[in-house]
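Chain by chain, the residues:
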Amino acid sequence: HASSNLSTGERIFLFAAMSGDRDILSALALKAGAELKFFERVTVRFFGMKEKSAATPIIGKKLYFCVGKHAIYFLKPDMSSLIPGGDVFYAYVSKIVEDTETTTQFLVVLNENRDPAWQSENLYVESENRTVLLDHITVAWRADYMWRFGLVQPCPRFAAALTEMNPQTAKPLVRPFFDHYMSTFQGYTFFLHRDFDDKPNAVSTKNTGSYICREDGREVDIMVHDAERLMDLERLRKDHIRWVAIDYKTAIVESMTQCTVVSNRPYIKKMNLAADIALWNCWEMFMVGDRGAVAVILMRRQYVPPLLDMVQDCAVLVRCPLDRLDGFGNPESGKLWTFPEIVDACRLSADSFSPATQTFSVYVPIIRAKLDALLFDEEAYRWLQNNPLLIDKNERRMTPKAVKPARRFLKSIIDIIVKEQTLGGAKQSAYEDILNTDLAGDSIHPLPVQMAQDYARKAEGVEGTDDKEDRINAYLKRVARYFAYCVDGGILGMKFGIDNIAEAIPQVGGDAQKKLRAILDFLLHIRETNVRKPWRSVSMMQHLRDPEFLDMEFNAPVMMSLIESWYIKRFFSKGQELQYVLMLGNLLQAKNANVNLKAFVCRHYLELPDEKTPWSAMLPALMEVVKGGSLFLKTYCSAALVSLTANKEQVKNDLMQRNIAQVVVSQLKTSDDDLMYYTLVLMINLTKAIQHRAILVQCGTIPILMTILTSSYDNRFRYRILTQLSAVIGQMCNDEDSRKMFVDGGHVVDCFIYVFRNTNMGTPIKTKVMFALRQLIVNSFDLKAVVGKQVIGDLCSDLLNIELLEATEDFVRTAFILIKELSKSSDNCFLLARAHLDQCVARIKKNVKAGTRQGELERNDETLRIVQATANPKGFN
């Protein structure tokens, strides 16, 4: 392993940036003559090739370093062919040694069977992503060995000091904080407290990604997911870190009972210790359950170098056992950890989470080629265009070639609007200024859509191919999406967007109106998913009314803009409200509509005017999503159903006929707090009618409600759910049979008493709990006595001390309703008298304006007279 015996000229240095892009790998595989798994664009400095003299090293030679199934391949920088001896089979690799003095260098030692072109047996490699590269080489080496010998053999991979660190040239590393150390896992570094040691698993004792504190059982887990292509995220339903967070939340919650999500929100990463050029998006969650507390921060490293077309998700999880949590464990057993301390430990590791390398190459030629092929999404175009680190020395930004025709396309649109001279005023002047300043150097085409189609047909790499038309169809779809991005703020920002086109259409003449509608049809680009079939220039409304629309694909951001601007609504005349609602329902059920569009449709439902809107027509589509959609969409649709059922009896009846009761039962059984919350609010709307309550009871909701209550009553983090649960149980108790089921089936009354005595006065949860208690004791004198002994003292104390504001009116009103019911027990009358009910009534009466709530005051006086007459019959006058 000693490197001191090797001269500098005998070393090979590869400055690399790895990628697994399938398109680029396919191109490189044609030249390598073998299937490839990964590649790196490298700069080499090596010595000892036969065609060179021993005294003349090759310096600064750029090559492609490719990892194949059975060999490593070195391609020339122009990708024309392999270098002499460029196929280094794994059978020729004797060992691989990682340099412990650096994070980038390693040595590949070749055996005597190597190609004669290589005179030296030592290949020194410097890689920006050394760990990732060596992991792939290791897997390929072991697979090749098994293929050749039918035996399992570990890859000869070692670690040793190969170089000496030069403090003058080495980049300074950020040292960990006091009492912390830097750990490395799968190509990333992060800080950990010294209390944590490696936690072994069945395979390895070190570098498992799991760490444990032996003293108190706290654990840290690091997750590094496989990288995904940016263009695949939408298809995989992972286009936002939030969707990955939902999967994590579901898995953690289902692993515990009585689990509560305390925090679930975006998070901003605070450090960039490696000067990484990638974009980081993060999401933070904190959960508490029967097994302890879990803090999670998910991190998405987006636009990963060198091709900026990959995304990698990572996660930091910090777990603390329940017996070591402050408020749950015994202080005598050792230090108890507070929730903020657990979250801070997770944040520290997440903030310090960085790639192990400190050098990031960007292969501009390939990126520009992918940009020209329009293989990115809208967010990526914006990031690439505005990232100052990607602006070259000639002040050129990272934009595709299509930006020039896109600017011409945009200018042609504005020119059509301006020529009509119908806008007038400031808007007309603003558009003229855009033509004369922002787009002054661009030409105008009289038929913008035709220009876009012509541009797609003349794209590079199309002519002479067997599938020419298929390529044109696929590229035209990407052109429409990119042009839509450029029109909708990608070039002019807030000055002009798709909504401005929709706004101008009613104001322009017939020919201009026809052109603008055709432009919007092109940008929306509704088409069949089969690229063998070309896009047809058909009216948007014709597509939307087509029964096959559910299977078609389209540009979702454009669709949202056209709905938000009420452009599509204008196609439906007065009296066609039903058709518009059904069209929105088709969007909600469309196979190729993304999550953001479906959530947008749910919000748009609620923006429709009350008059003449056929609300019940929305139910079929919402029910389909509620039954089979993702967790996020189920929650969104449940929230929409809450609004639709508020004060709309016909909608409630139709919803019950569509078997919403079974859906309610299913959603109450989930462990997701948000979905459960909106389901309970929906139940509040549905349980106001006796026939609806009967259906819900038949479906078995009462045992589920009791289970939720008895498992959550002492969890202060579930008060939001308990508030709605109390209201539902209170309304269900309007039916005597249901009331008896709650009273006889468990400790429902005891749970509500506990919540009442452990919550603050005037809060919504205490108000709803009082309502539930009143409903539970209605026809039971025994329960009145039991509840009265537990709550009367606190109840009257609250009324004497609560600040009488508009926000507490509901609390005061509900408190007196409960007092009135309790006063029907003579024992409670004595307790009420001792608790100074007379002072409570006098205080309320004094602070209420004359003429307001007179009926309530009279009922309070009546209750007071009953209490005084019962508690002191001789002294009562």
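Check the entry above for the structure.
Residues numbered from 1 in each chain as written. Predicted model: local features only at pLDDT ≥ 70, side-chain atom pairs only at ≥ 80, totals over all residues. Heavy atoms only, no water.

(A) Highlighting the overall build of the protein chain. Across its full length, the protein chain carries 32 helices and 20 strands. Over its C-alpha atoms, taken along the principal directions, the protein chain stretches across nearly 125 × 80 × 50 Å. Sorting the 877 residues of the protein chain into buried and exposed places 51% on the buried side. Taken as a whole, the protein chain presents about 40,400 Å² of accessible surface, with 50% of it coming from carbon and sulfur. (Helix = DSSP H or I, 4+ residues; strand = E, 2+ residues; numbered from the N terminus. Buried < 20%, exposed > 50% of the residue type's maximum accessible area, 1.4 Å probe, protein only. Areas by Shrake-Rupley, 256 points an atom, 1.4 Å probe, with all protein chains shown as cover.)

(B) Main features of empty space enclosed by the protein. Applying the stated rule across the entire model yields nine cavities of 30 Å³ or more. Looking at the largest cavity, its volume works out to about 70 Å³. As for the largest cavity, its lining consists of T103, E128, N129, R130, T131, V132, G187, P355, A356 and T357. Among the elements that line the lining of the largest cavity, the one with the most residues is helix α2 (residues 130-149), at three residues. (1 Å grid on protein atoms, 1.4 Å probe; cavity = no way out; pocket = protein on both sides within 12 Å on 5 of 7 lines; lining within 4 Å. Points joined across faces, edges and corners; volume = space filled by probe spheres on them.)

(C) Looking closely at the packing of aromatic side chains. As enumerated under the stated definition, the model contains 32 aromatic pairs in all. When the centroid spacing of 5.7 Å and the interplanar angle of 35° are considered together, the rings of Y381 and Y485 count as tilted. Pair noted here: Y381 is in helix α6 (residues 378-386) and Y485 is in helix α10 (residues 468-490), with a separation of 104 residues, a long-range link. Judged by its relative accessible area of 5%, Y381 falls in the buried class. With relative accessibility at 5%, the residue Y485 sits in the buried group. Site record: aromatic cluster; members linked through ring pairs are Y188, F190, Y211, W280 and F353. The ring of Y677 has R720 sitting right over it, with the charged end atom 4.2 Å from the ring centre. (Phe/Tyr/Trp six-rings, centres within 6.5 Å; stacked < 30°, edge-to-face > 60°. Lys NZ or Arg CZ within 6 Å of the ring centre and 35° of its normal.)

(D) Just a negative patch on the surface, in detail. Judged by side-chain charge, D488, D499, E564 and E607 come together as a negatively charged surface patch. Overall, D499 belongs to the partly exposed group, its relative accessible area being 40%. (Patch = residues over 30% accessible without salt bridge, like charges linked within 9 Å, V, L, I, M, F, W, Y side chains within 5 Å. Salt bridge = Lys/Arg side-chain N within 4 Å of Asp/Glu carboxyl O. Lys, Arg positive; Asp, Glu negative; His and termini not counted. Charge placed at Lys NZ, Arg CZ, Asp CG, Glu CD.)

(E) Looking closely at the side chain of D144. Inspection of the secondary structure puts D144 in helix α2. A relative accessible area of 2% places D144 in the buried class. Ignoring anything within four residues of it in the chain, the contact list for D144 reads K69, H70, Y90 and A91. (Contact = heavy atoms within 4.5 Å.)

(F) Layout of the packing of helix α19 (residues 649-657) against helix α22 (residues 690-698). Packing of α19 against α22 brings their axes to within 11 Å, and their N-to-C directions diverge by 25°. Comparing the axis directions of α19 and α22 gives the class roughly parallel. Relative to α22, the crossing made by α19 is left-handed. Along its contact with α19, which presents K652, N653 and M656, the element α22 presents Q691, H692, I695 and L696. (Axes fitted to C-alpha atoms, helices over the stretch in contact; angles between N-to-C directions. Parallel < 35°, antiparallel > 145°, perpendicular 65-115°, else oblique. Left-handed = near helix turned anticlockwise from the far one by under 90°.)

(G) Quick peek at the pairing of strand β4 (residues 71-75). By the criterion of burial, β4 is predominantly enclosed, with five of the five residues buried. Covered by surrounding structure in β4 are A71, Y73 and L75 together with I72 and F74, the residues of both alternating faces. Inspection of the sheet shows β4 paired to strand β5 (residues 82-89) by four bridges, in the antiparallel sense. In the strand pairing of β5, Y73 is matched with D87. (Pairing = 2+ DSSP bridges.)

(H) Highlighting the sheet that holds strand β6 (residues 93-99). Judged by pairing direction, the sheet is mixed, and its four strands sit side by side in the order β8-β7-β6-β9 without closing on themselves. At either margin of the open sheet sits one strand with a lone partner, and together these are β8 (122-126) and β9 (157-160). With direction set aside, neighbouring strand axes in the sheet form an average angle of 25°. The pairing of β6 with strand β7 (residues 105-110) spans five bridges and is antiparallel. Note on β7: the bridge partner recorded for K95 is V109. In the packing of α2 onto the sheet, the strands contacted are β6, β7 and β9, and the crossing angle to β6 comes to about 160°.

(I) Highlighting the environment of D197. By the element assignment, D197 lies in strand β12 (residues 196-198). Along the primary structure D197 and A27 are separated by 170 residues, whereas in three dimensions their C-alpha atoms are 45 Å apart. With residues near it in sequence (within four places) discarded, D197 still touches S210, Y211, I212 and R214.

(J) Up close: the pairing of strand β11 (residues 188-193). Among the six residues of β11, five are classified as buried, and the element is accordingly described as predominantly covered. Alignment of β11 against strand β20 (residues 354-355), held across two bridges, turns out to be antiparallel. Opposite T189, over in β20, you have S354 as the bridge partner.

(K) The arrangement of the layout of surface pockets in detail. Here the second largest pocket defines a volume of roughly 860 Å³. Lining the second largest pocket are 32 residues, with F38, V132, H136, A227 and Q312 sitting closest to its centre. Here the lining of the second largest pocket takes six residues from α2, the largest share from any one element. For the lining of the second largest pocket, the class distribution of residues is 14 nonpolar, nine polar and nine charged. (Nonpolar A, V, L, I, M, F, W, Y, C, P; charged D, E, K, R; others polar.)

(L) Representation of the nonpolar core. Within the largest apolar cluster, 198 residues are counted, with the highest numbers of intra-cluster contacts made by F522 and I568. With 10 residues, α10 is the single largest residue contributor to this core. In contact with I568, other than residues within four places in its own chain, are M540, M541, L544, M559, L562, I563, Y580 and M583. In terms of nonpolar packing, the next biggest core, distinct from the first, is built from 32 residues, A293, M299, C320 and A350 among them. (Core = buried A, V, L, I, M, F, W, Y, C linked by side-chain atoms within 4.5 Å.)

(M) The state of the cysteines, seen in detail. Scanning all chains against the criterion turns up zero disulfides. A disulfide-free cysteine, C320 has its sulfur positioned 9.4 Å from the sulfur of C213, the nearest such atom. The class of C320 is buried, set by a relative accessible area of 2%. (Disulfide = S-S within 2.5 Å.)

(N) Just the sheet that holds strand β10 (residues 180-185), in detail. Across the sheet, three strands lie side by side as β10-β11-β20; this open sheet has antiparallel pairing. Sheet topology places β10 and β20 at the edges, where each strand pairs with a single neighbour. One ladder, built from six bridges, connects β10 with β11; its direction is antiparallel. Paired with F185 across the bridge in β11 is Y188.

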